[in-house]
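# Coordinate analysis (summary)
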Amino acid sequence: MSVPTQLRIGPLTFTPPILLAPLAGYSDLAWRMSVRPLGGVGLAFTEMLSPASLIQGKTKRHKTIIATCEADRPLGYQIYGNQTERLRDGAMLLEQRGVSLIDINMGCPQRKIAGHGAGAGLLRDPDEAVKLAASVARSVSIPVTVKLRLGWERQRLVAHEMAPRLEEAGVAAITIHGRTRCQGYMGEADLDEIARVVASVKAIPVIGNGDIVSPAGARRMFDVTGCSGLMIGRGAMKNPWLPRDIWNDLQGLPPAPPPTRDAWVDYALGHFEGMIALYGAKGATLLYRKWIPQYLRRLLAGRRHLVEMMRLEDVDLMRAAITALREIRPLEEVLHEDEPPPEEG
Ligand SMILES: Cc1cc2nc3c(=O)[nH]c(=O)nc-3n(C[C@H](O)[C@H](O)[C@H](O)COP(=O)(O)O)c2cc1C
């Protein structure tokens, strides 16, 4: 099956058709600007943001969520909530500020959000959800997209019924994460159900999402579902070169060599510097801790490193600790150190 090389959403075209997922607490400016230069990202998203805080515009946290820069394009802003008027006002404010695409979150499983009828909570009331999306889509002239899960629970899958109604309501694209709310992150993304959503719409693109961690997985998503684009979340958090590797594969190019240890350390340092610019020295040092376990796994550092780095509170010590990761021995050496030397002759 031929795979698409670009994605059209309303009047906008994105190349490649690979999207970086909205990731609350992770997909900030610092991360986006670390991943984009590595290649393969056609469109990135802010994490979900509440239109109320957007409208009040006061908190420091809200300012860092919406922080962006010229090079951070193209960028979609994701909003969440279940109050139509607030979402509409938020969308209009974003449009006034020059945002080019808005996504509505209908997939967040967290109790504090879904339990109050927002995020995946909207999947329990498809009529209201469609009305809400219609109202937001009508209130702005930029494309409005929706990201949803398959349904609240397995016994009642609604995404394939909602998708054509959302299309009729003026939604310009749909991203579907192939799990239900009750599933959380258990099991695997259901590609057959994603295919059902793809088949349910007339013309708008459907973007497949869930568990893509390799070029082969990306091809499988396209082949099984017939989707128009891919969205990648956790795979890119662990391996920021993944979008590039997928894009190379989609173009039929040979795989790029895996990043060297130095490239990894440069990436990890650059990400940290971006966080310092965004959150200040102290904030960045504390927030960087959540990235340490995934980066250290890639850098094959042991538990001692992990424990030591997780305790650091000083920005210079954190910088020095990341830089010191250049010196850890390569995997082959570590794996083969107990083996006897090969016999001569
Ligand atoms: C830490 C974390 C934060 C997330 N935050 C958001 C969010 O703000 N908005 C959203 O629509 N989805 C959010 N998601 C869901 C992802 O966008 C994505 O749909 C999901 O992780 C499945 O894709 P993946 O297997 O490629 O990670 C989040 C997921 C994770 C793991």
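Keep in mind it's a predicted model, so treat the numbers as computed, not measured. Here the residue numbering is sequential within each chain, running from 1 through the sequence in written order. For this predicted model, a pLDDT threshold of at least 70 governs which residues receive local features, and a threshold of 80 or more governs which side-chain atom pairs are given and counted, while totals over whole chains, interfaces and linings are taken from all residues. As a rule here, side-chain values cover all heavy atoms of the structure and leave hydrogens and water aside.

## Considerations on the site of the ligand
- Only heavy atoms are used to decide nearness, and a residue is near a molecule or strand if one of them lies within 4 Å of it. By nearness alone, 17 residues border the ligand, and Ala-24, Gln-78, Asn-209, Asp-211 and Arg-234 come closest of all.
- By the criterion applied in these results, polar contacts are pairs of N or O atoms within 3.5 Å in which, for protein atoms, one can donate a hydrogen and the other can accept it, and in which residues neighboring in sequence qualify only through two side-chain atoms. Here Met-48 contributes a backbone N or O atom positioned 3.2 Å from an oxygen atom of the ligand.
- With respect to the ligand, the side chain of Gln-78 contributes an N or O atom lying 2.7 Å from a nitrogen atom.
- Here the ligand loses 88% of its free accessible area of 610 Å² to cover by the protein chains.
- Taken atom by atom, the bulk of the ligand overlaps the largest pocket.
- The classification used treats Ala, Val, Leu, Ile, Met, Phe, Trp, Tyr, Cys and Pro as nonpolar, Asp, Glu, Lys and Arg as charged, and all other residues, Gly among them, as polar. Taken together, the residues that form the shell around the ligand break down as eight nonpolar, six polar and three charged. For every accessible area listed, the method is Shrake-Rupley and the probe measures 1.4 Å; residues are considered covered only by the protein chains on display. Cavity and pocket criteria rest on a 1 Å grid covering protein atoms alone: a 1.4 Å probe that fits but cannot get out defines a cavity, protein on both sides within 12 Å along at least 5 of 7 lines defines an open pocket, and an atom within 4 Å of a point defines a lining residue. Occupancy of a cavity or pocket is assigned to a molecule whenever over half of its atoms lie within 2 Å of that pocket's grid points.

## So, helix H15 (residues 315-324)
- Buried within H15 are the following residues: Val-315, Met-318, Ala-321 and Ile-322. With its buried residues spanning 125 degrees around the axis, H15 presents them on a single face.
- Where the residues of H15 are buried, they touch helix H12 (261-288), helix H13 (292-298) and helix H14 (303-311).
- Strands here are runs of E lasting at least two residues and helices are runs of H or I lasting at least four, both read from the DSSP assignment and numbered beginning at the N terminus. The N-cap residue of H15 is Asp-314: its side-chain oxygen and the backbone nitrogen of Asp-316 are 2.9 Å apart. Residue burial is assigned from relative accessible area. The probe radius is 1.4 Å, only protein chains are included, and a residue is buried under 20% of its type maximum, exposed over 50%, and partly exposed in between. This arc corresponds to the set of directions leading from the helix axis out to the C-beta atoms. Residues count as neighbours in contact if any of their non-hydrogen atoms are within 4.5 Å of one another.

## Remarks on the pattern of salt bridges
- Just to be clear on terms, a salt bridge is a Lys or Arg side-chain nitrogen sitting within 4 Å of an Asp or Glu carboxyl oxygen. If you walk through the whole model with that rule in mind, you get 16 salt bridges.
- Where Arg-319 meets Glu-273, a salt bridge forms, and the shortest distance between an N and an O atom there is 2.6 Å. Pair noted here: Arg-319 is in helix H15 and Glu-273 is in helix H12, with a separation of 46 residues, a long-range link.
- Within the structure, one salt-bridge network assembled from shared partners comprises Arg-32, Arg-36 and Asp-72.

## Regarding empty space enclosed by the protein
- Grid points are joined across faces, edges and corners, and a volume is the space filled by probe spheres set on the points. Per the counting criterion, the structure on display carries one cavity of 30 Å³ or more.
- Approximately 40 Å³ is the volume found for the largest cavity.
- As for the largest cavity, its lining consists of Ala-268, Tyr-288, Ile-292, Tyr-295, Leu-296, Met-309, Ile-322 and Leu-325.
- When contributions to the lining of the largest cavity are tallied by element, the ones reaching two or more residues are H12 and H13.
- When the residues that make up the lining of the largest cavity are grouped by side-chain class, the tally is eight nonpolar, no polar and no charged.

## Observations concerning the packing of helix H4 (residues 84-96) against helix H6 (residues 126-139)
- As a packed pair, H4 and H6 sit with axes 9 Å apart at the nearest point and diverge in direction by 30 degrees. On the basis of their axis angle, the class for H4 and H6 is roughly parallel. Our pair here, H4 against H6, has a crossing hand that is right-handed. Here H4 contributes Thr-84, Leu-87, Arg-88, Ala-91, Met-92 and Glu-95 to the contact with H6, which in turn contributes Leu-132, Ser-135, Val-136 and Ser-139.
- Here the residues of the contact of H4 with H6 are counted per class, giving five nonpolar, three polar and two charged. In this analysis, axes come from line fits to C-alpha atoms, helices being fitted only over the stretch in contact, and the angle between any two N-to-C directions falls in the range 0 to 180 degrees. Orientation labels follow simple angle bins: below 35 degrees gives roughly parallel, above 145 gives roughly antiparallel, 65 to 115 gives roughly perpendicular, and whatever is left gives oblique. Throughout, a crossing is termed right-handed when the near helix is turned clockwise from the far one, and left-handed when it is turned anticlockwise from it by less than a right angle.

## A look at the sheet that holds strand E10 (residues 173-177)
- Spatial strand order, E3-E12-E11-E10-E7-E6-E5-E4: eight strands in an open sheet with parallel pairing. Of all the strands in the sheet, just strand E3 (18-20) and strand E4 (44-49) have a single pairing partner and so form its edges. Neighbour to neighbour, the strand axes of the sheet diverge by 25 degrees on average, direction disregarded.
- In this sheet, strand E11 (residues 206-209) lies alongside E10 in parallel orientation, the contact comprising four bridges. When the bridges of E11 are listed, Ile-174 appears paired with Val-206. By the convention used here, strands pair only if DSSP detects at least 2 bridges between them.

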